[in-house]
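As a plain string of letters, each chain reads:
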Amino acid sequence: ALDRKAWSPTTRQGVGLQLNRYGDLGGTKEILAGYLDEVINELPDATAQGHARAILKSMVTAEQTKAAKTTQEITQGDLLKKFGMSDGQVQALLKHLRDKRVIRKFGEEDRYELAHEVMLSKVWAWVSDDELRLLDVRDMLRREMSNYQKFNHLLSREKLELLNKVRDELSLGKDELEMLLRSSLMVGFETPYWFAKARASGISSDIIFAGLEDENFRVRAAAVNAIATLGWQYSMLLIPMLSDLYPQVRMATIHALEKLQPNSEWHKYMKYECYVAGGEFIMGDDKSDELNEKPAHEVYLDAFYIGKYPVTMSDFKLYMDDLNRSFTILDDKGDYPVVEISWYDARDYVIWAGMRFPTESEWEKVASWDPINKAKQTNISLG
């Protein structure tokens, strides 16, 4: 603890802290750091002391500068969230710190900041690595919020991924949640999570419903994923999305409707895909000249979905346009199957589309399957 006798006045004419003693104590920075420890240690217990440190840490930025905060910003701040402090507790600690001249108030404004720049290093030393990461994200979020309000700019996927790592530790207002929901829709990242958070804060679901009509296919796909969390009563809103030109939207819709309407009544609305029921089929051909086709044998496959048509030139152009790569369709051949691409091109398209290649057995079942004749054969064999 700081030796108060070293710097208290001893006479009315002078101050007892001599230059050599000032140097021994480490100068202003060390003196104020020691005084700050004293102020904290005056509090009645470790809990109150921890709360006071959290309040002071909320007044610094990730760049190690002072930050002026209102009482509400402090109370609802990220660093105090885990303590669950009441407004009264925060007000009492602010009064204690202000009375001790550790923090200062801006006139009649409800804003507080550290009273001395030299206290920064002391308070900064209390900040843990996890809290530093939280301060970094908060500073980033503050800048992004300003850009959103001024220019309607949204967060990139990279920034959302960074924020996602500490999302449960953040205290977010309605405006911030709306920005994050719109950003997650735009890039198709963690939309159901931010939709749930936004709804809990009272933000209208209209943002999601409007997303179904957005010109960006990623927004439409993200909106489908979010609506899937609302319940079966919203499933009819998704039926038109089964005819979307972009496969990512259709795949999201198929997965959503599988959960919302397991009765499969919606299968009849699929325009570009079809459902293949699970079960046995005969794979191979005993009459084939190819040895690897023999012998014909029964194979069981689980149910799956497959495209009704070959990937067309127009389909492939959507993919190439999304990559900002040139692809020309000649002589109105948009509905023709795409040609003159490599296997690697096809693989990359499938990954982009959110699909996969069919297996050999899946392809043979689809290419040769006759459900009517199969049913007849089954009935005969059972008879």
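### Observations regarding the environment of Ser 183
By the secondary structure assignment, Ser 183 is in helix 10 (residues 174-187). Note on Ser 183: relative accessible area 0%, which makes it buried. Discounting residues that sit within four places of it in the chain, Ser 183 has contacts with Leu 154, Leu 155 and Leu 160. A polar side-chain atom of Ser 183 sits 2.8 Å from the main-chain carbonyl oxygen of Met 179.

### Here's the deal with a nonpolar patch on the surface
On the surface, Trp 343, Tyr 344 and Phe 357 cluster together into a nonpolar patch covering about 370 Å² of accessible area. The residue Trp 343 is located in helix 16 (residues 343-353) in this model.

### Quick word on the environment of Ser 235
On the secondary structure map, Ser 235 appears in the loop between helix 13 (217-227) and helix 14 (247-260). Between the C-alpha atoms of Ser 235 and Leu 257, which are 22 residues apart in sequence, the distance is 6.6 Å. A polar contact of 2.7 Å, which involves the side chain of Ser 235, links it to the backbone oxygen of Trp 232.

### So, helix 17 (residues 360-368)
Taken together, the buried positions of helix 17 are occupied by Ser 361, Glu 362, Glu 364 and Lys 365. One side of helix 17 holds all its buried residues, which, seen down the axis, span an arc of 165 degrees. Exposed residues lying more than 90 degrees from the buried face of helix 17 are Glu 360, Trp 363 and Ala 367. Buried residues belonging to helix 17 abut strand 3 (273-276), strand 4 (279-283), strand 5 (297-301) and strand 6 (304-307).

### Let's talk about the pattern of salt bridges
Scanning the entire structure with this criterion turns up 23 salt bridges. Salt-bridge contacts for Lys 57 lead to Glu 131; the nearest nitrogen and oxygen are separated by 2.9 Å. Residue Lys 57 is found in helix 3 (residues 46-57), and its partner Glu 131 is found in helix 8 (residues 129-151); the two are separated by 74 residues along the sequence. The same class applies to Lys 57 as to Glu 131, namely buried. If you follow the salt bridges from partner to partner, you end up with Lys 66, Arg 104, Glu 113 and Glu 117 in one network.

### Details of the confidence of the model for the chain
For the chain, mean pLDDT is 87; residues scoring 70 or higher make up 89% of the total. Low pLDDT, under 50, characterises residues 1-19; the predicted model gives this stretch 22 contacts beyond four residues in sequence or across chains. Scored below 50 in pLDDT, residues 375-383 makes zero contacts in the model with residues more than four places away or belonging to other chains.

### Observations concerning the side chain of Glu 273
Summarising the element assignment, Glu 273 is placed in strand 3. Reaching out from Glu 273, the side chain makes a polar contact with the side chain of Arg 250 at a distance of 3.0 Å. Not counting residues within four places of it along the chain, the set of residues in contact with Glu 273 comprises Arg 250, Met 251, Ile 254, Ile 306, Gly 307, Lys 308 and Met 355.

Conventions adopted
- Residues numbered from 1 in each chain as written.
- Predicted model: local features only at pLDDT ≥ 70, side-chain atom pairs only at ≥ 80, totals over all residues.
- Heavy atoms only, no water.
- Helix = DSSP H or I, 4+ residues; strand = E, 2+ residues; numbered from the N terminus.
- Buried < 20%, exposed > 50% of the residue type's maximum accessible area, 1.4 Å probe, protein only.
- Contact = heavy atoms within 4.5 Å.
- Polar contact = N/O pair within 3.5 Å; in protein donor to acceptor, adjacent residues only side chain to side chain.
- Patch = residues over 30% accessible without salt bridge, like charges linked within 9 Å, V, L, I, M, F, W, Y side chains within 5 Å.
- Areas by Shrake-Rupley, 256 points an atom, 1.4 Å probe, with all protein chains shown as cover.
- Salt bridge = Lys/Arg side-chain N within 4 Å of Asp/Glu carboxyl O.
- Arc of directions from axis to C-beta.
- pLDDT = per-residue confidence, 0-100.

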